[in-house]
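What the coordinates show
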Amino acid sequence: MSDERLLAELEFESGNYLLAAQFAGYWLAKDPDAFAAWELMGHASLKLGRFEEGIDALEQAALLKPLADVSRIELAIAYGVLGRSKLSCDLLMLLVVSGNCSPSDLLRIAVGLDVVGQPRLAVEACRNAGRKQPGSAEIQHQMAAYLLKSGQPVNLAETLLHSAVKLEPANIEYRISLASLLSGIGRRNEAIECLRHSDSAQLASVRCICCLTRLANLFFDGGEIELAKHCAAQAALLQDA
């Protein structure tokens with residue numbers, strides 16, 4: 001294995017995508033037909049938000065040999081981000097109907113379908129994932145979001161979120177999603193109850209400023225002043241950062 005390949009792969013695995021792309025470039029300078037180099041360059045570029053570069057690299061890789069499903073998914077999502085919605089949707093649905101994708105791949109496909117404004121198809125991708133991995137809290141959590149976006153009855157999403165919380169009661173993200181839904185339909189007390197016993201460490205793990213602001217308002221309106229202060233302080237810290 002060349003030094004450039006080793007360094008590119010190590011930097012990518014470490015999340016240093018800029019360096020990974022740089023070393024992939026050195027690797028390609030030595031071997032322009034290196035499929036793995038083009039593929040890694042594509043993924044690193046997409047992680048950096050360089051969608052045109054990422055698409056070009058993955059397309060170059062595809063000229064050398066067929067892409068793995070994970071690369072096909074990311075390429076299709078990148079098309080969608082750049083406005084090529086029909087192409088993106090068609091490619092993602094081909095992967096869904098193939099029946100070969102893993103549950104995690106199907107959840108990623110659902111994200112891509114949502115990006116191009118197809119939450120109903122995203123629900124179908126989640127359903128396929130659920131058939132392969134019954135009892136997955138994350139699948140239920142993600143499906144609930146797409147059900148709401150596609151205008152399905154709120155009670156369907158609520159049932160899924162309750163199930164996700166029951167399966168993983170320590171997951172604060174699932175509790176926040178359920179609380180947000182309940183608060184939005186006027187069931188504030190139930191929403192607060194979802195989060196009343198969350199500890200400071202769980203709340204500190206929340207990295208979404210909008211979520212923390214909503215929680216602060218919810219707790220304040222419900223008389224949970226200390227929890228409201230904690231969420232507001234956490235949101236302020238993130239805003240400053």
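Look above for the structure.
We now turn to the structure provided with this report. Every chain is numbered on its own, with residues counted from 1 as its sequence reads. The predicted origin of the model limits local features to residues at a pLDDT of at least 70 and limits the giving and counting of side-chain atom pairs to 80 or more, whereas totals for whole chains, interfaces and linings rest on all residues. With hydrogens and water stripped out, all remaining heavy atoms of the structure feed into the side-chain values.

Okay, the state of the cysteines next. Any two cysteine sulfur atoms lying within 2.5 Å of each other are counted as a disulfide. In this structure the tally under the stated criterion is zero disulfides. A disulfide-free cysteine, Cys231 has its sulfur positioned 10 Å from the sulfur of Cys211, the nearest such atom. When its relative accessible area of 0% is taken as the criterion, Cys231 is described as buried. Each residue gets one of three labels from its accessible area relative to the maximum for its type: buried under 20%, exposed over 50%, partly exposed in between, using a 1.4 Å probe on protein chains only.

Structurally, Ala145 can be placed in helix α9 (residues 137–149). Note on Ala145: relative accessible area 34%, which makes it partly exposed. C-alpha separation for the pair Ala145 and Glu158, spaced 13 residues apart in sequence, amounts to 9.9 Å. Numbered from the N terminus, helices here are DSSP runs of H or I no shorter than four residues, and strands are runs of E no shorter than two.

Between Lys or Arg on one side and Asp or Glu on the other, a salt bridge is scored when a side-chain nitrogen of the former is within 4 Å of a carboxyl oxygen of the latter. Considering all chains together, one arrives at nine salt bridges under this definition. Between Asp69 and Arg72 there is a salt bridge, and its shortest N-O distance comes to 3.4 Å. Of this pair, Asp69 and Arg72 both sit in helix α5 (residues 69–81), three residues apart, which is roughly one turn of that helix. A salt bridge links Asp114 to Lys149, with the shortest nitrogen-to-oxygen separation between them at 2.7 Å. Of this pair, Asp114 sits in helix α7 (residues 103–115) while Lys149 sits in helix α9; the two residues are 35 residues apart in sequence, bridging distant segments of the chain. Through salt bridges with shared partners, a single network forms among Glu158, Arg187 and Glu190.

With that settled, the discussion passes to the nonpolar core. Soluble, globular proteins show a tendency: their nonpolar side chains are buried together. One finds Ile109, Leu195 and Phe219 to be the most contacted residues of the largest nonpolar core, which totals 54 residues. In terms of residue count, the dominant contributor to this core is helix α11 (residues 172–184) (seven residues). Residues are treated as being in contact if the distance between any of their heavy atoms lies within 4.5 Å. The contact partners of Ile109, leaving out residues within four places of it in the chain, are Ile73, Leu92, Leu95, Val96, Cys101 and Ala125. One finds Ala57, Ala61, Leu75 and Ala78 within the second-largest nonpolar core, a separate group that totals 23 residues. Throughout this description, the term nonpolar core refers to a set of buried Ala, Val, Leu, Ile, Met, Phe, Trp, Tyr and Cys residues connected via side-chain atoms within 4.5 Å.

As a further point, take the packing of aromatic side chains. Centres within 6.5 Å are what make two rings of Phe, Tyr or Trp a pair, Trp counting through its six-membered ring; a difference in plane orientation under 30 degrees is then read as stacked, over 60 as edge-to-face, and the rest as tilted. Counted under the stated rule, the structure contains two aromatic pairs. When the centroid spacing of 5.2 Å and the interplanar angle of 65° are considered together, the rings of Phe12 and Tyr17 count as edge-to-face. Where Phe23 meets Tyr26, the ring centres are 5.8 Å apart and the plane angle is 75°; that geometry is what we call edge-to-face. Residue Phe23 and its partner Tyr26 are located together in helix α2 (residues 17–30), separated by three residues, close to a single helical turn.

Attention shifts here to the packing of helix α6 (residues 85–98) against α7. Where α6 meets α7, the axes come as close as 10 Å, and the angle between the chain directions of the two elements is 155°. The orientation of α6 with respect to α7, classified from their angle, is roughly antiparallel. The interaxial crossing formed by α6 with α7 has left-handed handedness. Seen from α6, the contacting residues are Cys89, Leu92, Met93, Leu95 and Val96; seen from α7, they are Leu106, Ile109, Gly112 and Leu113. Helix axes are fitted to C-alpha atoms over the stretch in contact, other axes to C-alpha atoms as well, and angles between N-to-C directions run from 0 to 180 degrees. Here is the rule for angles: anything less than 35 degrees is roughly parallel, anything more than 145 is roughly antiparallel, 65 through 115 is roughly perpendicular, and the remaining ranges are oblique. Rotating anticlockwise by less than a right angle from the far helix to the near helix defines a left-handed crossing, while the corresponding clockwise rotation defines a right-handed one.

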